[in-house]
Amino acid sequence: MSGTGTKRILAIDACRGMAILLMCVAHIAQVASGLDPAVSRVVNSASFLATPIFLLLSGISTGYVLRTEASPLSRIRLVDRAVFLLLVVHPLISACMVPYDNQGWARAMLSTWVTDAVALALCIAAFVPRAGARALISSGVVLTTSGWLIAQWWKPESSLTESLARLIFRGGGSLPSPLGFTVPLLPYIGIFLIGFGVARAYRPFLEGRLRKHLPLVVGMGLAAMSGLMLMKGLLRMAKGELSADQYGLLFLAIDPRMKDLAAPGYVIFGSGAVAVMLSTCLWCQATNRFERAFQWLATLGRASMVVFVLQAFTILCLPRILHFHSISSGAFWTVYLLINVGMLWLAARAWGGCGGNRWLTVGMPHWAEKYASHEPVGDGRSAFRRAGA
């Protein structure tokens, strides 16, 4: 979170920068309909991590903010950012998606994006700023697991219930329903809460005061990721001994690519990737190793919200408008990706240089401070200032 008045952790910004790169690669594979299907599958398989990384890092940064500054004004800032995501970012992304899949304005506006899940999660975080780490992580695990289980066993029988199922439990593209593209809001909120709880429990780790534990965290993350791959291989070996339904259910549960269902394997693999990436970035920050690459990624990550909207236009929307989405040349799309990444970084640098994150607001903190300044309490200070805001 930016704009909360709390010192940023550059390692989190650098991780966000990595997630943006993965997201750009994934969106190139989606929009380039002329690419060989095998190439598209490989690219998508390598880039599905962007969403869980964003959600976990959003939860971690929010938890860190509320751990260091849990004043009423900080909580208002979280709600303010949530409202901004819903009222400003959502329409901008939806507008970019109209040319992408030809859904029309109404269906595009009725779509949901990962930013909507973050907005709802920020509102929850604002109302439980002092919740314990164990309760937050447990709640996140329950939401993600229950959401996946319901998505597996609930078979909606009407367009209304199908729309509700897609909105809450399972994501997906266009179906015969009023909704456009959707993300599974309940599991995504759960992933955010897991990150929120991790920040509450491991603040010294995030502040770089536990450097000797970084190799252990990297090892745990790699073990989680490799363990899932091993389980997937063993499941394929045992395919002949299972029924089709049993094999299908177990495969969906452990496949880390199940983004629309937010399967347990997807959450575990994403958590392992965040552990590895964040530990590596914390090490780079502490030792000043790979400083140029680290700062480059952090610049991109600090402006992640603006970059997210810009890439929706330049990568998903623009190729459709200019009618070159059917080009099959891998070299062309590689060059197009590199050009876009360079332009996004320049935009992020300019945005950071002018302090642009302070504009990502609907004005709630300003009006709250203005109102509180006219309501002295006790010693004559406003309620927010007395609370440490």
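Residues numbered from 1 in each chain as written. Predicted model: local features only at pLDDT ≥ 70, side-chain atom pairs only at ≥ 80, totals over all residues. Heavy atoms only, no water.

1. Let's talk about the overall build of the chain
Within the chain, the secondary structure is distributed over 18 helices and two strands. Taking the intrachain contacts of the chain between residues at least 6 apart in sequence as the baseline, contacts between residues at least 24 apart amount to 73%. Per element, the accessible surface of the chain, about 18,100 Å² overall, is 67% carbon and sulfur. (Helix = DSSP H or I, 4+ residues; strand = E, 2+ residues; numbered from the N terminus. Contact = heavy atoms within 4.5 Å. Areas by Shrake-Rupley, 256 points an atom, 1.4 Å probe, with all protein chains shown as cover.)

2. Let's talk about the pattern of salt bridges
Per the counting criterion, the structure on display carries four salt bridges. Between Glu162 and Arg170 there is a salt bridge whose closest N-O contact spans 3.9 Å. Arg170 sits in the buried class, given a relative accessible area of 14%. Among the ionic pairs, Arg257 bridges to Asp255, the shortest N-O distance being 3.1 Å. (Salt bridge = Lys/Arg side-chain N within 4 Å of Asp/Glu carboxyl O. Buried < 20%, exposed > 50% of the residue type's maximum accessible area, 1.4 Å probe, protein only.)

3. What about helix H16 (residues 330-353)?
Its 24 residues give H16 an end-to-end C-alpha distance of 34 Å, which sits within 8% of 34 Å, the value for a rise of 1.5 Å per residue. All buried positions along H16 are accounted for by Trp333, Tyr336, Leu337, Asn340, Val341, Leu344, Trp345, Ala348 and Trp351. Summarising the contacts, the buried residues of H16 are in contact with helix H1 (10-31), helix H14 (291-302) and helix H15 (304-321). Where H16 starts, the residue carrying a side-chain oxygen 3.4 Å from the main-chain nitrogen of Ala331 turns out to be Ser329. At the C-terminal side of H16, Gly355 shows a positive phi close to 65 degrees. (Expected span 1.5 Å × (residues − 1). Polar contact = N/O pair within 3.5 Å; in protein donor to acceptor, adjacent residues only side chain to side chain.)

4. A word on the nonpolar core
If you look at the biggest cluster of nonpolar residues, it comprises 103 residues, and the most contacted ones within it are Ile60, Tyr188, Leu206, Leu278 and Trp333. Top contributing element to this core by residue count: helix H13 (residues 264-287), with eleven residues. Leaving out residues up to four positions away in the same chain, Leu278 has contacts with Ala11, Ile12, Cys15, Ile60 and Leu206. (Core = buried A, V, L, I, M, F, W, Y, C linked by side-chain atoms within 4.5 Å.)

5. Here's the deal with the confidence of the model for the chain
Across the chain, the average pLDDT comes to 84, with 90% of residues at 70 or higher. Element-level pLDDT for the chain is lowest in helix H18 (residues 383-386), with a mean of 46, against a maximum mean of 94 in helix H6 (residues 114-127). Long-range and interchain partners of residues 1-5, a stretch whose pLDDT sits below 50, account for 17 contacts in this model, where long-range means more than four residues apart. Contacts for the low-pLDDT stretch residues 380-389, under 50 throughout, to residues beyond four places or in other chains number 26 contacts. (pLDDT = per-residue confidence, 0-100.)

6. Description of the packing of helix H3 (residues 50-68) against helix H9 (residues 185-201)
Between H3 and H9, whose axes approach to 7 Å, the crossing angle comes to 45 degrees. The angle between the axes of H3 and H9 places the two elements in the oblique class. Of the two possible hands of crossing, H3 and H9 adopt the one that is right-handed. Touching Thr51, Pro52, Leu55, Leu56, Ser58, Gly59, Ile60, Thr62, Gly63, Tyr64, Leu66 and Arg67 of H3 are Tyr188, Ile191, Phe192, Ile194, Gly195, Phe196, Ala199 and Arg200, all from H9. Tallied by class, residues from the contact of H3 with H9 come to twelve nonpolar, six polar and two charged. (Axes fitted to C-alpha atoms, helices over the stretch in contact; angles between N-to-C directions. Parallel < 35°, antiparallel > 145°, perpendicular 65-115°, else oblique. Left-handed = near helix turned anticlockwise from the far one by under 90°. Nonpolar A, V, L, I, M, F, W, Y, C, P; charged D, E, K, R; others polar.)

7. Examining the packing of aromatic side chains
Inspection of the entire model under this criterion finds 14 aromatic pairs. Ring geometry for Phe324 against Phe332: centres 5.5 Å apart, planes inclined by 75 degrees, an arrangement best described as edge-to-face. Here the aromatic rings of Trp351 and Trp359 are separated by 5.7 Å at their centres, their planes lie at 80 degrees, and the arrangement is edge-to-face. In textbook terms, an aromatic cluster arises when at least three aromatic residues are bridged by ring pairs, as seen for Phe324, Phe332, Trp333 and Tyr336. (Phe/Tyr/Trp six-rings, centres within 6.5 Å; stacked < 30°, edge-to-face > 60°.)

8. Topic: helix H7 (residues 133-153)
Taking 1.5 Å as the rise per residue, H7 with 21 residues should run 30 Å; its terminal C-alpha atoms sit 30 Å apart, in good agreement. The set of residues buried in H7 consists of Ala133, Leu136, Gly140, Thr144, Gly147, Trp148, Ala151 and Gln152. Relative to the axis of H7, the buried residues are bounded by an arc of 140 degrees and lie together on one face. Set apart from the buried face of H7 by more than 90 degrees, the exposed residues are Arg134, Val142 and Trp153. Looking at the buried side of H7, the elements it contacts are H9, helix H12 (244-254) and H13. (Arc of directions from axis to C-beta.)

9. Considering the packing of H1 against H13
At a closest axis distance of 8 Å, the pairing of H1 and H13 adopts a crossing angle of 130 degrees. Here H1 lies oblique to H13, going by the angle between them. The crossing of H1 and H13 is right-handed. Mapping the contact onto sequence places Leu10, Ala11, Ile12, Ala14, Cys15 and Met18 in H1 and Met277, Leu278, Cys281, Leu282 and Gln285 in H13. Tallied by class, residues from the contact of H1 with H13 come to ten nonpolar, one polar and no charged.

10. Describing unusual backbone geometry
Although it is not a glycine, Ala262 adopts a positive phi angle of roughly 50 degrees. Relative to the elements of secondary structure, Ala262 occurs in the loop between H12 and H13. Residue His323 is not a glycine yet carries a positive backbone phi of 60 degrees. Looking at the element boundaries, His323 is found in the loop between H15 and H16.

11. Thoughts on a nonpolar patch on the surface
A surface patch of nonpolar side chains, about 330 Å² in accessible area, is lined by Leu86, Leu87, Leu120 and Val362. Mapped onto the elements, Leu120 comes out in helix H6. Look at Leu120 and you get partly exposed, because its relative accessible area is 36%. (Patch = residues over 30% accessible without salt bridge, like charges linked within 9 Å, V, L, I, M, F, W, Y side chains within 5 Å.)

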